[in-house]
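# Structural overview
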Amino acid sequence: MISKLVSAFTLIVMISSPALAGERGSGYYAANCKDSGGGYAITINKDGTATVERDPKSYENVLTSYSFFGNDTPSDFVIAILFDEKNSPLPAYKGQSGWIEIWDNGKSLYALENGRASKELKLCAKN
């Protein structure tokens, strides 16, 4: 119970902290916004990198891409966060290191783990 309270407090501090305010796509993404764990706190930095927090680890200076993997970029695509094979909260998928795609459905942003629609995460809070 205490660890859930600490996780919830950490999430509130991370989301409300002005120091963590980032570029479009920044926020807390999770499959279930009511569950205080299991999601990603993502900050897209102005320099084109990202910081991703997934309790208890932090992944800093992660590369991002505003293009869609060398293909025509769909208009609803926002950004991809590209992890390396040794420093990723996600398993490799189809021979590639893990990544998170952020999309805009016209109402809100959402994220896909490894580009998979079956792994959709809701934007629970912007930062």
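Refer to the preceding data block for the structure.
Here the structure is a predicted model, which means the values were calculated and not measured.

Calculation notes
- Residues numbered from 1 in each chain as written.
- Predicted model: local features only at pLDDT ≥ 70, side-chain atom pairs only at ≥ 80, totals over all residues.
- Heavy atoms only, no water.
- Salt bridge = Lys/Arg side-chain N within 4 Å of Asp/Glu carboxyl O.
- Helix = DSSP H or I, 4+ residues; strand = E, 2+ residues; numbered from the N terminus.
- Buried < 20%, exposed > 50% of the residue type's maximum accessible area, 1.4 Å probe, protein only.
- Pairing = 2+ DSSP bridges.
- Axes fitted to C-alpha atoms, helices over the stretch in contact; angles between N-to-C directions.
- Polar contact = N/O pair within 3.5 Å; in protein donor to acceptor, adjacent residues only side chain to side chain.

What follows deals with the pattern of salt bridges. For the structure shown, the criterion picks out three salt bridges. Across the pair Glu-23 and Lys-46 runs a salt bridge, and its minimum N-O distance is 3.6 Å. Taken together, the positions of Glu-23 in the loop between helix H1 (2-16) and strand S1 (27-30) and Lys-46 in the loop between strand S2 (40-44) and strand S3 (49-54) put the pair 23 residues apart, joining distant regions of the chain. Residue Glu-23 is classed as partly exposed on the basis of its relative accessible area, which comes to 30%. Lys-46 sits in the exposed class, given a relative accessible area of 76%. The partner of Arg-54 in a salt bridge is Glu-113, and the shortest N-O contact between them spans 3.7 Å. In this pair, Arg-54 sits in strand S3 while Glu-113 sits in strand S7 (residues 109-113), placing the two residues 59 residues apart along the sequence.

Strand order in the closed barrel formed by eight strands is S1-S2-S3-S4-S5-S6-S7-S8, and the pairing between neighbours is antiparallel. Here the average twist between neighbouring strands, direction ignored, is 30°. Across five bridges, the pairing between S3 and strand S4 (residues 57-65) is antiparallel. Across the sheet, the residue bridging to Glu-53 is Ser-58, located in S4.

Moving on, we come to the side chain of Thr-43. With respect to the secondary-structure elements, Thr-43 resides in strand S2. At 3.4 Å, the side chain of Thr-43 forms a polar contact with the side chain of Asn-127.

Coordinates in, geometry out; function isn't part of it.
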